[in-house]
Amino acid sequence: MKILQIGKFWPVRGGVEKVMYDLTCGLSRRGIECDMLCAGPRGKTKDITLNDYGHVTATHTIFKANSTMISPDMVWELSRIAREYDIIHIHHPDPMAALALFMSGYKGRVVLHWHSDILRQRILLHAYLPLQNWLLDRADVVICTSPNYAAGSKALSRVAPKLRCVPIGVEAVIPNKEGAQQLRKIARGRKIVFSLGRMIPYKGFDNLILAARELPDDYMVIIAGSGPLYKRLKELVHKNGLGNKVIMPGRISDKDRDALLGVSSVFVLPSVEKTEAYGIVLIEAMSAGVPVIATEIPGSGTSWVSEHGVSGLNVPVGSPGKLAEAIVKVCGDTDIYGRGARRRWETMFTGELFIDNITSIYRELLEGV
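To keep things clear, this report deals only with the structure shown in the data block. (Residues numbered from 1 in each chain as written. Predicted model: local features only at pLDDT ≥ 70, side-chain atom pairs only at ≥ 80, totals over all residues. Heavy atoms only, no water.)

### Points about the packing of helix α10 (residues 280–287) against helix α13 (residues 334–348)
Line of reasoning, step 1. Where α10 contacts α13, the axes come no closer than 7 Å and their chain directions differ by 110°. Between α10 and α13, the interaxial angle falls into the category roughly perpendicular. In this structure, α10 meets α13 at a crossing whose hand is left-handed. Along the contact surface, α10 presents Ile283, Met286 and Ser287, while α13 presents Ala341, Arg342, Arg344 and Trp345.
Line of reasoning, step 2. By residue class, the composition of the contact of α10 with α13 is four nonpolar, one polar and two charged. (Axes fitted to C-alpha atoms, helices over the stretch in contact; angles between N-to-C directions. Helix = DSSP H or I, 4+ residues; strand = E, 2+ residues; numbered from the N terminus. Parallel < 35°, antiparallel > 145°, perpendicular 65-115°, else oblique. Left-handed = near helix turned anticlockwise from the far one by under 90°. Contact = heavy atoms within 4.5 Å. Nonpolar A, V, L, I, M, F, W, Y, C, P; charged D, E, K, R; others polar.)

Following this line, the structure appears as structure tokens:
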């Protein structure tokens, strides 16, 4: 079989792009021909070889609008190569990718990976809705990442007979021991509460900062990431006199993330909106044996990814007090929750299991031709 993944950005920036890239790498490492088509930065279209069975084509982007990369070159490129592939696997939400598929004239099998509804860009959704409905109808299989999200999505209710729930999986995070030793010296015996993500409204980092006010002095909160709210959140830290308790190092490397997971007592995802559809950072932490705290966002998969009382605790949205209570409780039983987190990752969220499940869907589709 020959597969093409289509989605948003290159280089990889967020969860949707990471899933697409991991699939491309994982399938091609198994000897399955799998390529990736996405919008790259401004400039010439680039081809990047991953291995003998996979490569990335990043098309020239003119500009970005409403989180969508406007790349007419993607339309022309897909029209040129579409017929080479047995299956096109398209990752939603991405209006540019949907438009490219619509205009390509492709007649083969289509897998639609529904990562989330379009929630914040309501004007864009109104204009995009006919194309979105076409894409839902055109797909042979629609993949959703969790049963919670499938049940709460009005858009997915129209395609229930062809809907499949396939949890995203990741390779195990191996803690960086050298970096972890340095962090232990900095922490000076304090329990480390770790959080990571873009500094944007739906991530709810303000609630974690306010929760830090209620934590004992032997706790240290590290919130890593960059984004438009970084300066405002730093001001909130200083306004509450938390400069010695809440550290915001900005964007960090994967190596630094791995070091932090090697010393953290708990990982917290304090998101407040359904835009946080899954939370790949949760399963990355769980793979390292770190217990997690997620929020109970209606219709989101976050509180399904982490099983309450097993891999950690789930708390109400926007409740700093409840969040602080959960942090203290989990840190009191770090070993128990940590073992539960690792077991849940091993049984449900490994990278190999994810590739196995996706490959099975591909084979079913091609056997039914």
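### Regarding the nonpolar core
Line of reasoning, step 1. Phe194, Phe267, Tyr278, Ile283, Met286, Val305 and Phe349 are the most contacted members of the largest nonpolar core, which totals 51 residues.
Line of reasoning, step 2. Ignoring any residue separated from it by four or fewer positions in sequence, one finds Met286 in contact with Val292, Val305, Ser311, Ala341, Arg342, Arg344, Trp345 and Phe349.
Line of reasoning, step 3. Formed by 36 residues, the second largest nonpolar core is a distinct cluster that contains Tyr85, Ala100, Leu101 and Leu131. (Core = buried A, V, L, I, M, F, W, Y, C linked by side-chain atoms within 4.5 Å. Buried < 20%, exposed > 50% of the residue type's maximum accessible area, 1.4 Å probe, protein only.)

### Focus: helix α3 (residues 95–104)
Line of reasoning, step 1. Of all ten residues that make up α3, seven are buried, and the element is covered over most of its length.
Line of reasoning, step 2. Listing the buried residues of α3 in full gives Pro95, Met96, Ala97, Ala98, Ala100, Leu101 and Ser104.
Line of reasoning, step 3. Remark: Gly105 follows α3 within two positions and exhibits a positive phi of approximately 75°.

### Brief notes about the packing of aromatic side chains
Line of reasoning, step 1. Per the stated rule, a full pass over the model turns up four aromatic pairs.
Line of reasoning, step 2. Relative to Trp134, the ring of Phe102 has its centre 5.0 Å away and its plane inclined at 90°; by these criteria the two rings are edge-to-face. Here Phe102 is found in helix α3, whereas its partner Trp134 is found in helix α4 (residues 122–138), with 32 residues between them in sequence.
Line of reasoning, step 3. Using a relative accessible area of 25% as the deciding quantity, one classes Trp134 as partly exposed.
Line of reasoning, step 4. Judged by centre distance (6.5 Å) and plane angle (85°), the ring pair of Tyr278 and Phe349 falls under edge-to-face. Here Tyr278 is found in the loop between β14 (266–268) and α10, whereas its partner Phe349 is found in the loop between α13 and α14 (351–367), with 71 residues between them in sequence.
Line of reasoning, step 5. A relative accessible area of 4% places Tyr278 in the buried class. (Phe/Tyr/Trp six-rings, centres within 6.5 Å; stacked < 30°, edge-to-face > 60°.)

### Remarks on the state of the cysteines
Line of reasoning, step 1. The tally for this structure, following the rule as stated, stands at zero disulfides.
Line of reasoning, step 2. With no disulfide partner, Cys25 has as its closest neighbouring cysteine sulfur the one in Cys34, 8.8 Å distant.
Line of reasoning, step 3. In this structure Cys165 is not part of a disulfide, and its nearest cysteine sulfur, from Cys144, lies 6.1 Å away.
Line of reasoning, step 4. For Cys165, a relative accessible area of 40% translates into the label partly exposed. (Disulfide = S-S within 2.5 Å.)

### Looking at the sheet that holds strand β3 (residues 46–51)
Line of reasoning, step 1. Taken in spatial order, the eight strands make up an open sheet running β3-β4-β2-β1-β7-β8-β9-β10, and their pairing is mixed. Both edges of this open sheet fall to β3 and β10 (163–165), since each of them pairs with a single strand only. Between one strand axis and the next, the sheet turns through 20° on average, direction left out of account.
Line of reasoning, step 2. Here strand β9 (residues 141–144) pairs with β10 via three bridges, running parallel. Pairing of Val142 across the sheet is with Leu163, part of β10. (Pairing = 2+ DSSP bridges.)

### Examining the pairing of strand β12 (residues 219–224)
Line of reasoning, step 1. Judged by how many residues are buried, β12 sits mostly within the fold: six of six residues are covered.
Line of reasoning, step 2. The alternating pattern of β12 places Tyr219, Val221 and Ile223 and Met220, Ile222 and Ala224 on opposite faces, both of which are buried.
Line of reasoning, step 3. For strand β11 (residues 191–196) and β12, the ladder comprises six bridges, and the chain directions are parallel. Pairing of Val193 across the sheet is with Val221, part of β12.
Line of reasoning, step 4. Following the backbone out of β11, through helix α7 (residues 205–212) and into the adjacent parallel β12, one traces a crossover that is right-handed. (Right-handed = clockwise from strand over helix to strand, strands pointing away.)

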